[in-house]
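Working through the structure, step by step
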Amino acid sequence: MSRSARLVPAVAALLALALTGTACDAGVRGAPGGSGVHDPYFPSAGNGGYDVTHYALTLDYAPATRRLTGTAVITARAIQDLTAFDLDLDGLDVGSVTVDGRDARWNRAGQELTVRPHDDLRAGRTFTAAVRYSGVPRTLTDSDGSREGWLRTAEGALGLGEPVGSMAWFPGNHHPSDKAAYDIAVTVPVGLQAVSNGELAGRTGKGGRTTYSWHTAQPMASYVAVVAVGRYDIGRTTGPHGLPVLTAVDPQQAKASKGVLAKIPEILGWEEPNFGPYPFSSAGAIVNRPGDVQYALETQTRPVFPGAPDTGTLVHELAHQWYGDSVTPLSWRDMWLNEGFATYAEWLYQEDHGGKSAQQAFADLYESHDDSLWAFPPARPADAAHISGRPVYERGAMVLQKIRRKVGDAAFHDILRGWAAAHRHGTADTAQFTAFVEKRAPDKDFGEIWKDWLYGDGRPDRP
Ligand code: TRP
Ligand code: ZN
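Described in the following lines is the structure provided in the data block. As the structure is a prediction and not an experimental result, all values here were calculated from the model. (Residues numbered from 1 in each chain as written. Chains lettered and ligands numbered in written order. Predicted model: local features only at pLDDT ≥ 70, side-chain atom pairs only at ≥ 80, totals over all residues. Heavy atoms only, no water.)

1. As for helix H7 (residues 390-407)
With 18 residues, H7 extends 25 Å from end C-alpha to end C-alpha; this agrees with the ideal 26 Å at 1.5 Å per step. Most of H7 is tucked away, with 13 of its 18 residues classed as buried. Just downstream of H7 lies Gly408, where phi reads positive at about 90 degrees. (Helix = DSSP H or I, 4+ residues; strand = E, 2+ residues; numbered from the N terminus. Expected span 1.5 Å × (residues − 1). Buried < 20%, exposed > 50% of the residue type's maximum accessible area, 1.4 Å probe, protein only.)

Here it is, written out as structure tokens:
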């Protein structure tokens, strides 16, 4: 939903116009939608020409053979006249593709599944593409060496997406700029459970298999979609205003996780006055066995942890629900809007709970001469391998502390809440953030903060 057209260059529109002839042409003679949205770091991620509003994924996973059988029904709106459009899908075998119920032609090249519907699609039209697929999904290795996509676990599997792993388990428009609602149904052998984002809408059993149906009403970027198949202890409680909280914990991690997960309602209760109303209709966590996954990830409503988290990590992933999941970066270059904010949330929580102040955290880091912190500016990571580097997290949080010192605590509080409110359930980029801050504090000069701290190379001269 609310896909921004900012990444689709005007050139593409001109080209489409050139190919379709004059505007008063009676027939629909569109153009292909294009194989990417020109992300600066992942040029093939996402696709042009349409905007997905809903994914209905029906998945069946057999851990014994590691085979995934799926149908993805994708409801989307054409944003130009389309003769063809692409979906991103890595590996797996495609059995059939239909568009609005009619067989469509399709072919594959790398991660691009190009679909040519029987009839061209006119701009503005809503259409439904159904893709049947199966196979053993791949685990992808990121340019920074971490693993995502479909990960095999001790008893099942874990589908994770940041930054481009979701294309290993379902076809879609895999770029953060196109968010959509989801219904994810997963069938697994009896004795195993399948946990995903949002609320459990149903559980049915048939012939030794159980289907878990999960519903996500609020827009979600595909990189924060999750499926976890395994044996879990399920815990249910409520957070602020009766918010349903569902946790799924590997039994081996149950004891170590119990105390920290019990803090979820309290942490959300602290985050709400700081960041604004919680953006989704449920919350929770998934705790896996260490080794099954190496990092925590802010999967929407239900972040994933590699074993029992510490309080700081829990605060961080829950803060991402506002900054990252609700306000989603428009491109992978804007990652500091996720990680700088989530790191700052840890500093703020610490400050409010008898630990060191955010200013002290800033000062300690400023004194650090570890080159990795100053390797590149937070808003301009060198390349795809660096989008999760220290400057994005820590120097990103330092930018926020600089803003706080400049505007004062009250105005800074309004900026944190206001930013989450202004782009709730949407997307935003760094230029929108700096403009937002300037508008909120028109009498202040942020020139040096942007130039030296956000975009500048090396360690700024003045703290
Ligand atoms: N976003 C995760 C976190 O909180 C970290 C992470 C996991 C990540 N996988 C990634 C960051 C891939 C960038 C790319 O903090
Ligand atoms: Zn993070």
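Still to come is the rest of the account.
2. Section: the site of ligand 1
Taken together, 13 residues lie around ligand 1, and Glu162, Glu298, Glu317, Glu339 and Tyr393 are the ones closest in. At 3.0 Å, a side-chain N or O of Glu317 approaches an oxygen atom of ligand 1. Contact distances for ligand 1 include 3.4 Å between an oxygen atom and a side-chain N or O atom of His320. Expressed as a share of its isolated accessible area of 350 Å², the protein-covered part of ligand 1 is 92%. Considering only residue class, the shell around ligand 1 consists of six nonpolar, three polar and four charged. (Near = heavy atom within 4 Å. Polar contact = N/O pair within 3.5 Å; in protein donor to acceptor, adjacent residues only side chain to side chain. Areas by Shrake-Rupley, 256 points an atom, 1.4 Å probe, with all protein chains shown as cover. Nonpolar A, V, L, I, M, F, W, Y, C, P; charged D, E, K, R; others polar.)

3. Quick word on the coordination of the zinc ion (ligand 2)
Looking at the zinc ion (ligand 2), the protein donor atoms are His316 (NE2), His320 (NE2) and Glu339 (OE), and they sit 1.9 to 2.0 Å from it. Donor residues binding the zinc ion (ligand 2) come from one chain and are separated in sequence as H-x3-H-x18-E. Here Glu339 lies in helix H5 (residues 336-352) and His320 lies in the loop between helix H4 (311-319) and strand S22 (327-329), a separation of 19 residues in the sequence. (Donors = N, O, S within 2.8 Å, 3.2 Å for Na, K, Ca; no water.)

4. Focus: the sheet that holds strand S15 (residues 199-206)
For sheets, the rule is that strands pair by backbone hydrogen bonds, running either parallel or antiparallel. Read across the sheet, eight strands follow the order S6-S5-S9-S3-S2-S13-S16-S15 without closing on themselves; strand pairing throughout is mixed. Two strands lie at the open edges of the sheet, namely strand S6 (102-103) and S15, each paired on one side alone. Here strand S5 (residues 93-99) pairs with S6 via two bridges, running antiparallel. When the bridges of S6 are listed, Val99 appears paired with Arg102. (Pairing = 2+ DSSP bridges.)

5. Things to note about the packing of aromatic side chains
Taken as a whole and judged by the stated rule, the model has 31 aromatic pairs. Plain terms: the ring middles of Tyr50 and Phe127 are 6.4 Å apart, the flat faces sit at 70 degrees to each other, and that makes the pair edge-to-face. Taken together, the residues Tyr50 in strand S2 (residues 50-62) and Phe127 in strand S9 (residues 126-135) connect sequence positions 77 residues apart. The same class applies to Tyr50 as to Phe127, namely buried. Grouped by ring-pair contacts, the aromatic residues Trp270, Phe275, Tyr278, Phe280, Trp322, Tyr323, Trp336, Phe341, Tyr349, Trp419, Phe433 and Phe436 constitute a single cluster. The ring centre of Tyr366 lies 3.9 Å from the NZ or CZ of Arg459, which sits over that ring. (Phe/Tyr/Trp six-rings, centres within 6.5 Å; stacked < 30°, edge-to-face > 60°. Lys NZ or Arg CZ within 6 Å of the ring centre and 35° of its normal.)

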